[in-house]
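Descriptive structure summary
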Amino acid sequence: MAIGNDAWASLLVVAVRYNVRPRDILDVAPLLFLIVAERSLLERKRRLREINAIVQEKEEKLLENCAHLGGIIAARSLSADSQLYEEEESLSKRDVFVRFIKYQNWNEGDA
């Protein structure tokens, strides 16, 4: 497998900075990727749990304090629900680069 010019340049910069051989970096690259990917997925799962807990807490308070507005509460954002579901699905597929999520109302320029 060939290494692209940008990757090769990055590899050399890291090798020089840490005074190691590029081959040493390539040897540990899969392990380092695994560590970073798993940490990223765990952090996304933590944030998703936090969001779901906040939503549930707020919904309970709304129902408790504003029962007469039940229709408004029931009509909460289907788009937001869809995005939370897509995040759950992405995490279940170990989608590290978030390639399986199709964000609504998102443009390339927003990144």
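Residues numbered from 1 in each chain as written. Predicted model: local features only at pLDDT ≥ 70, side-chain atom pairs only at ≥ 80, totals over all residues. Heavy atoms only, no water.

1. Looking at the pattern of salt bridges
Our working definition: For this analysis, a salt bridge means a side-chain nitrogen from Lys or Arg found within 4 Å of a carboxyl oxygen belonging to Asp or Glu. The numbering of helices and of strands both runs from the N terminus, where a helix is a DSSP run of H or I of at least 4 residues and a strand a run of E of at least 2. Think of it in three bands: residues with accessible area under 20% of the maximum for their type are buried, residues over 50% are exposed, and the middle band is partly exposed, with areas taken using a 1.4 Å probe on protein chains only.
Per the counting criterion, the structure on display carries 7 salt bridges. Two residues, Arg 46 and Glu 50, come together in a salt bridge whose shortest N-O distance is 3.0 Å. Residue Arg 46 and its partner Glu 50 are both found in helix H2 (residues 22–65); the two are separated by 4 residues, about one turn of the helix. We classify Arg 46 as partly exposed; its relative accessible area is 35%. Taken together, the salt bridges that share partners define one network made up of Glu 43, Arg 46, Arg 47 and Glu 50.

2. Quick notes on the confidence of the model for the protein
Worth spelling out the cut-off: pLDDT is defined as a per-residue confidence score from the predictor, taking values between 0 and 100.
Here the protein averages 84 in pLDDT, while 79% of its residues score no lower than 70. When pLDDT is averaged over each helix and strand of the protein, the minimum, 58, is found for helix H3 (residues 70–74) and the maximum, 95, for helix H1 (residues 5–18).

3. Some remarks on the environment of Leu 42
One can find Leu 42 in helix H2. Expressed as a C-alpha distance, the spacing of Leu 42 and Leu 91, which sit 49 residues apart in the sequence, is 8.9 Å.

4. Remarks on the side chain of Ser 90
So the rule is basically this: Counting of polar contacts relies on pairs of N or O atoms within 3.5 Å, with two restrictions inside protein: one atom must be capable of donating a hydrogen and the other of accepting it, and residues adjacent in sequence are counted only when both atoms are side-chain atoms. The contact criterion used throughout is that any non-hydrogen atoms of two residues lie within 4.5 Å.
Within the fold, Ser 90 resides in helix H4 (residues 78–92). Of the residues examined, Ser 90 reaches a relative accessible area of 1% and is grouped as buried. Only 2.9 Å separates the side chain of Ser 90 from the side chain of Arg 44, close enough to count as a polar contact. Among residues more than four places away in sequence, those in contact with Ser 90 are Arg 44, Asp 95, Val 98 and Ile 101.

5. Examining the packing of aromatic side chains
What counts here: When the centres of two rings from Phe, Tyr and Trp lie within 6.5 Å, Trp using its six-membered ring, the rings pair. Their planes under 30 degrees apart give stacked, over 60 give edge-to-face, and anything left gives tilted. Here, over-ring charges are defined by two tests on the NZ atom of lysine or the CZ atom of arginine: distance to the ring centre within 6 Å, and angle to the ring normal within 35 degrees.
Counted by the stated rule, this structure contains 1 aromatic pair. Residues Phe 33 and Phe 97 carry aromatic rings whose centres are separated by 6.1 Å and whose planes lie at 40° to one another, so their mutual orientation is tilted. Of this pair, Phe 33 sits in helix H2 while Phe 97 sits in the segment after H4, and the two are 64 residues apart along the sequence. With relative accessibility at 52%, the residue Phe 97 sits in the exposed group. Note that Lys 93 overlies the ring of Phe 100, its terminal NZ or CZ placed 5.3 Å from the centroid.

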